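Summary of structural features
So you can see what is in the structure, the chains are spelled out below.
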Amino acid sequence: MKYYLIVGEASGDLHASRLMQSLRKFDEAAEFRFFGGDLMQNVGGTCVRHYKKLAYMGFVPVLLHLPTIMKNMKFCKEDIVKWKPDVVILVDYPGFNLKIAKFLHKNTKIPVYYYISPKIWAWKEWRIRAIKRDVKEMFSILPFEIGFYERKHNYKIHYVGNPTAEEVTTFKSQYTETKEDFCSRNGLNDKPIIAILAGSRKQEIKDNLPSMLEAASRFEDYQMVIAGAPSIDIAYYERFISKYDAKIIKNSTYELLSHATTALVTSGTATLETALFNVPQVVCYETPLPNLIRFAFKHIIKVRFISLVNLIADKEVVQELLADRFKIKNIANELYRILPEQPYRETMLAEYEQMKEKLGDHIAPDNAANLMVYLLTRKQ
């Protein structure tokens, strides 16, 4: 069968590439065409647009690149219709993908499957109307989404397990490098490591990294190591680190987390990855208009937390320093509380184990691919 996939960022490229590998297990004749990235290209098929040309975040960047975004969307619609896939698989990236889903529902009979739900349970819940209308099947990777979709909105979904959990487990079972070798290979010293994961987009890095570095630099017995995002050039990081003794490591986030003592992490998949590596963390996320954002969290936003760790656990496991709580002093104080021999560190590690139990041990891409092929074959 023919599969058309659309992703808009690095994490989507990773999850979609593993889904493609699994689809080939259950459909040996699988053909792929996609808006994606390097990892998807490595699996095979035709990449018609790289996600680096799609990933714009924030009102101003989107506005500035609106002609490019509209051009890409027009091309995507035309390309899908011309190729005539058996299914279009959307991966997160709702601003773009939900418009594609609407177009396909209105103008074609091509079914739309969504792998990794948009986070409408946190923001823009009204998008549920479009999802129920335009998305044939939803494949969820977060257990709490079952209650949101099925009980609250009467929309049946498939929980297939969490791919990040399976990816981390697989990596840990195969990774054998010692900390000494890791540090030697990357030009690091022998001090304990504070890992800094400042986001996957330039705007996130610009907003978060300076304060994260300033807070972490107060711990002179530790070395700061920044996990470079795949889509961001080293030169972009260097403008922020000139006055700090910090190293940047590209394409080795899992290796870094394997040897880190603590971490400062922006919200997103990285918070879950950090927890799965048993690294105590502080979640840091600067926002514009912090007092307004705090008001929104109390009165408008539908969830209590922003980090996947806390959302899955349904309680505060890690500290979330966002909006008015995003201050260098607060980051440093919370970082101290998770250093070795501090009581809060052990509490957090114990809570991590309970969170992992909620995720389960499913192999998400295999489960999703098996179900997708079954549903498509049954339809035919």
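The structure under discussion appears in the preceding block.
In this report, we go over the structure that sits alongside the text. (Residues numbered from 1 in each chain as written. Predicted model: local features only at pLDDT ≥ 70, side-chain atom pairs only at ≥ 80, totals over all residues. Heavy atoms only, no water.)

Some words on the pairing of strand E13 (residues 319–322)
Successive side chains on a regular strand alternate, one facing one side of the sheet and the next facing the other. Our working rule: With a 1.4 Å probe rolled over the protein chains alone, any residue whose accessible area is under 20% of its type maximum counts as buried; one over 50% counts as exposed, and the rest are partly exposed. Only DSSP runs of H or I with at least four residues qualify as helices, and only runs of E with at least two residues qualify as strands; both kinds are numbered from the N terminus onward. We treat two strands as partners when DSSP finds at least two bridges between them.
Neither face of E13 is left uncovered, since the one carrying Gln319 and Leu321 and the one carrying Glu320 and Leu322 both have all their residues buried. Examined bridge by bridge, strand E12 (residues 281–285) and E13 share four bridges and lie parallel to one another. When the bridges of E13 are listed, cysteine 284 appears paired with leucine 321.

Describing the pairing of strand E1 (residues 2–6)
Rule in force here: Here, the term right-handed applies to a crossover whose path from the first strand over the helix to the second runs clockwise when the strands point away from the viewer.
Of all five residues that make up E1, four are buried, and the element is covered over most of its length. On the question of chirality, the crossover connecting E1 to the parallel strand E2 (residues 31–36) by way of helix H1 (residues 10–26) is right-handed.

Some remarks on the sheet that holds strand E4 (residues 87–91)
The strand order across the open sheet formed by seven strands is E3-E2-E1-E4-E5-E6-E7, and the pairing between neighbours is parallel. Among the strands making up the open sheet, the edge pair consists of strand E3 (46–50) and strand E7 (158–159).

Considerations on the packing of helix H10 (residues 202–216) against helix H11 (residues 234–241)
To be explicit about the condition: Structural elements are reduced to axes, namely lines fitted to C-alpha atoms, with helices fitted over the stretch in contact, and the angle between N-to-C directions of any two is expressed from 0 to 180 degrees. A crossing counts as left-handed when the near helix is turned anticlockwise from the far one by less than a right angle, and as right-handed when that turn is clockwise. In what follows, residue pairs with any heavy atoms lying within 4.5 Å of each other are defined as contacts. Each residue gets one label: Ala, Val, Leu, Ile, Met, Phe, Trp, Tyr, Cys and Pro are nonpolar, Asp, Glu, Lys and Arg are charged, and the others, such as Gly, are polar.
Taken N-terminus to C-terminus, the directions of H10 and H11 make an angle of 35 degrees; their axes are 10 Å apart at the nearest point. Of the two possible hands of crossing, H10 and H11 adopt the one that is right-handed. Each of Lys202, Ile205, Lys206, Leu209, Pro210 and Leu213 in H10 lies in contact with H11, whose residues at this interface are Tyr236, Tyr237, Phe240 and Ile241. Split by residue class, the contact of H10 with H11 holds eight nonpolar, no polar and two charged.

Topic: helix H8 (residues 163–174)
Where we set the bar: For a helix, the expected span equals 1.5 Å multiplied by the residue count minus one.
Taking 1.5 Å as the rise per residue, H8 with twelve residues should run 16 Å; its terminal C-alpha atoms sit 17 Å apart, in good agreement. Looking only at H8, the buried set comprises Pro163, Thr164, Ala165, Glu166, Glu167, Val168 and Phe171.

Some words on a positive patch on the surface
The test is simple: Nonpolar side chains (Val, Leu, Ile, Met, Phe, Trp, Tyr) are joined into patches within 5 Å and like charges within 9 Å, using only residues with over 30% relative accessible area and no salt bridge. Every accessible area reported is derived by Shrake-Rupley at a probe size of 1.4 Å, with residue values counting cover from the shown protein chains alone. The salt bridge criterion pairs a side-chain nitrogen of Lys or Arg with a carboxyl oxygen of Asp or Glu, the two atoms within 4 Å. This count recognises Lys and Arg as positive and Asp and Glu as negative, with His and chain-terminal groups excluded. All charge positions are set by atom: Lys at NZ, Arg at CZ, Asp at CG, Glu at CD.
A surface patch of like charges, here positive, comprises Lys99, Lys102, Lys106 and Lys124. Examined against the element boundaries, lysine 99 turns out to sit in helix H5 (residues 94–107). You can call lysine 99 partly exposed: its relative accessible area is 47%.

Considering unusual backbone geometry
Notably, aspartate 92 is not glycine yet its phi reads approximately 50 degrees, a positive angle. Of note, aspartate 92 is situated in the loop between E4 and H5. Positioned with a positive phi, tyrosine 93 is a non-glycine residue whose angle comes to about 45 degrees. By the secondary structure assignment, tyrosine 93 is in the loop between E4 and H5.

Considerations on the sheet that holds E12
The sheet built from six strands is open, its strands ordered E10-E9-E8-E11-E12-E13 with parallel pairing. The outermost strands of the open sheet, each flanked by one partner alone, are strand E10 (246–250) and E13. Mean inter-strand twist for the sheet, computed between neighbouring axes without regard to direction, equals 25 degrees. Inspection of the sheet shows strand E8 (residues 193–197) paired to strand E11 (residues 262–265) by four bridges, in the parallel sense. Of the residues in E11, the one forming a bridge with isoleucine 194 is threonine 262.

Some words on the pattern of salt bridges
Enumeration according to the criterion identifies 14 salt bridges in this entry. The residue lysine 74 makes a salt bridge to glutamate 78 at a minimum N-O spacing of 2.7 Å. In this pair, lysine 74 and glutamate 78 are both assigned in helix H4 (residues 66–83), four residues apart and thus about one turn of the helix distant. When the shortest N-O distance is used, the salt bridge between lysine 152 and glutamate 125 registers 2.9 Å. Here the residue lysine 152 occupies a position in helix H7 (residues 145–152), and glutamate 125 occupies one in the loop between strand E5 (112–115) and helix H6 (128–134), the gap between them amounting to 27 residues.

A few points about the environment of proline 210
Structurally, the position occupied by proline 210 is in helix H10. Residues proline 210 and phenylalanine 240, 30 residues apart in the sequence, show an inter-C-alpha distance of 6.2 Å. Ignoring anything within four residues of it in the chain, the contact list for proline 210 reads Ile205, Phe240 and Tyr244.

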